[in-house]
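Structural description and commentary
Given next are the chains, with one letter for each unit.
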Amino acid sequence: MNKIEELKYYKENGLLISLEKYYIPSLETSMELWFNTFNKNIPTKKQINVFNNFLKINQNELNNIIIEINNLRDKEISINRIIKKSKRINCLNELQFDNIIFPRQNRTKNKYLLFYATTDWRIPRSEFTLEIEILFKNNKLELVQEHSGLWTRLEWDSEYNSKE
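Here is a short report on the structure shown in this document. (Residues numbered from 1 in each chain as written. Predicted model: local features only at pLDDT ≥ 70, side-chain atom pairs only at ≥ 80, totals over all residues. Heavy atoms only, no water.)

1. Digging into the packing of aromatic side chains
To be explicit about the condition: Geometry of aromatic contacts follows a simple scheme: Phe, Tyr and Trp rings, the Trp one being its six-membered ring, pair when their centres are within 6.5 Å, and the pair is stacked under 30 degrees between planes, edge-to-face over 60, tilted otherwise. Only runs of H or I of at least four residues qualify as helices and only runs of E of at least two qualify as strands under DSSP, and these elements are numbered from the N terminus. Only protein chains enter the calculation, and the probe is 1.4 Å; a residue is then buried if its accessible area is under 20% of its type maximum, exposed if over 50%, and partly exposed in between.
Taken as a whole, this structure holds twelve aromatic pairs when the rule is applied. Look at Phe35 and Phe102: their rings are 4.3 Å apart centre to centre, the planes differ by 10°, and that puts the pair in the stacked class. Taken together, the positions of Phe35 in strand S4 (residues 29–36) and Phe102 in strand S5 (residues 96–102) put the pair 67 residues apart, joining distant regions of the chain. Taken as a pair, Phe35 and Phe102 share a single burial class, namely buried. Measuring from centroid to centroid gives 5.7 Å for Phe51 and Phe102, while their planes differ by 65°, and the two rings are edge-to-face. Residue Phe51 is located in helix H1 (residues 45–54), and its partner Phe102 is located in strand S5; the two are separated by 51 residues in the primary sequence. Summarising the burial analysis for this pair, Phe51 and Phe102 share the class buried. In textbook terms, an aromatic cluster arises when at least three aromatic residues are bridged by ring pairs, as seen for Tyr9, Tyr22, Phe35, Phe51 and Phe102.

This is the structure:
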């Protein structure tokens, strides 16, 4: 397995995106790596550190993802955002992990990692399924929510990438 700094990348819209998917053993899947690199051509040292720490994550923390995803499922059903027949997630390989995002985190001591994943939960009157984002802070699950582009919104810098 290559180190992430040895992978080949291309730039798009201020992101550095891996040309190949990277296998994450703890999630048993491969996905693209997306780095917000401040227009540099390589990931920052902090982003590399965040990733290497995640590779050593405690299995209990990964199990928390399943609990929080199913809590999200119940909430989304209750507000009719997804159909009632949407099945509970029993293991992480029931999700389609699309990419890992290494957002801006240059003004905080915290270390953030964000996953985009697709569920098989159908949205009523739509051909689409619900996409979610999973945020880790210092290798602890911070939140699971419907995909909102959290790391691209203005509040990212005020609530996450800010001095404590």
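2. Quick look at the pairing of S4
Here is the rule we go by: Here, a strand pair is defined by DSSP locating no fewer than two bridges between the strands.
Sheet topology places strand S2 (residues 15–18) next to S4; three bridges connect them, and they run antiparallel. Residue Leu16 lies in a different strand from S4, and its bridge partner there is Phe35. Counting the residues in the hairpin turn of strand S3 (residues 22–24) and S4 gives four residues, including Glu28, whose phi is positive at 55°. Summarising the sheet, S4 and S5 pair through four bridges and their orientation is parallel.

3. A short note on H1
As a reminder of what qualifies: Working definition: the arc comes from the directions between the helix axis and the C-beta atoms, pointing outward to the latter. Residues are treated as being in contact if the distance between any of their heavy atoms lies within 4.5 Å.
Taken together, the buried positions of H1 are occupied by Gln47, Ile48, Val50, Phe51 and Phe54. One side of H1 holds all its buried residues, which, seen down the axis, span an arc of 160°. Residues of H1 that are buried in the fold lie against S3, S4, helix H2 (59–78), S5, strand S6 (112–122) and strand S7 (129–137).

4. Details of the pattern of salt bridges
One side chain can pair with another of opposite charge once the charged atoms of both are near each other. Keep this limit in mind: We define a salt bridge as a contact between a side-chain nitrogen of Lys or Arg and a carboxyl oxygen of Asp or Glu at a distance within 4 Å.
Tallied over the entire structure, the rule returns seven salt bridges. Among the salt bridges present, the one from Glu61 reaches Lys140, with a minimum N-O distance of 3.9 Å. Of the two residues, Glu61 sits in helix H2 while Lys140 sits in strand S8 (residues 140–146), which places them 79 residues apart along the sequence.

5. A few points about the environment of Asn99
With respect to the element layout, Asn99 can be found in strand S5. Expressed as a C-alpha distance, the spacing of Asn99 and Lys140, which sit 41 residues apart in the sequence, is 18 Å.

6. Side note on the nonpolar core
Applied cut-off: Among the buried residues, those of types Ala, Val, Leu, Ile, Met, Phe, Trp, Tyr and Cys that are joined through side-chain atoms within 4.5 Å form a nonpolar core.
In this structure, Leu33, Phe115 and Ile134 are the most contacted members of the largest nonpolar core, which totals 39 residues. At the level of secondary structure, the elements contributing two or more residues to this core comprise S3, S4, H1, H2, S5, S6, S7 and S8. When residues of this core are assigned to their parent elements, the largest contribution, six residues, is made by H2. Discounting chain neighbours no more than four positions away, the residues touching Leu33 are Ile4, Leu7, Tyr9, Leu16, Ile17, Ser18, Tyr22, Phe51, Ile100 and Phe102. Formed by 13 residues, the second largest nonpolar core is a distinct cluster that contains Ile17, Trp34, Ile101 and Leu114.

7. Focus: the pairing of strand S1 (residues 9–12)
When S1 meets S2, the two strands line up antiparallel, connected through four bridges. The partner of Lys11 across the bridge, within S2, is Leu16.

Such coordinate-based values are descriptive only and should not be taken to indicate function.
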